[in-house]
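# Close look at the chain arrangement
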Amino acid sequence: MSAVFIPLQIGAPQIILIVIVVLLLFGGRKIPELMRGLGSGIKEFKDASKDDAPANKPEEDKKRL
């Protein structure tokens, strides 16, 4: 019963094991494509959040006055 509450501590051996499993699942050629997709998704998210920020700014200025 106490084995269920073991804290999740990730060290170097666990990271190495995760990297090996990912390489086996996706292969060396597919990983750069996945990282590019992840990077472009993060970039689009940041751009979208920047577009929303100026629209909210005049409302905040009105609240201060």
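Structure's up top.
Only a predicted model underlies this, so the values are computations on that prediction, with no experimental measurement involved. (Residues numbered from 1 in each chain as written. Predicted model: local features only at pLDDT ≥ 70, side-chain atom pairs only at ≥ 80, totals over all residues. Heavy atoms only, no water.)

Bringing a nonpolar patch on the surface into the picture now. On the surface, L17, I18, V21, V22, L25, F26, L34, M35, L38 and I42 cluster together into a nonpolar patch covering about 920 Å² of accessible area. Contributing elements (two or more residues each) for the nonpolar patch: α1 (12–26) and α2 (30–64). Ranked by the residues each element gives to the nonpolar patch, the list is headed by α1, at 6 residues. The residue V21 is located in helix α1 in this model. (Patch = residues over 30% accessible without salt bridge, like charges linked within 9 Å, V, L, I, M, F, W, Y side chains within 5 Å. Areas by Shrake-Rupley, 256 points an atom, 1.4 Å probe, with all protein chains shown as cover. Salt bridge = Lys/Arg side-chain N within 4 Å of Asp/Glu carboxyl O. Helix = DSSP H or I, 4+ residues; strand = E, 2+ residues; numbered from the N terminus.)

With that settled, the discussion passes to the pattern of salt bridges. Counted according to the given criterion, the structure contains 1 salt bridge. Residue K30 is joined to E33 by a salt bridge in which the shortest nitrogen-to-oxygen separation is 3.6 Å. Within this pair, K30 and its partner E33 are both found in helix α2, separated by 3 residues, close to a single helical turn. Here K30 falls in the partly exposed class, since its relative accessible area comes to 42%. Since its relative accessible area comes to 45%, E33 is described here as partly exposed. (Buried < 20%, exposed > 50% of the residue type's maximum accessible area, 1.4 Å probe, protein only.)

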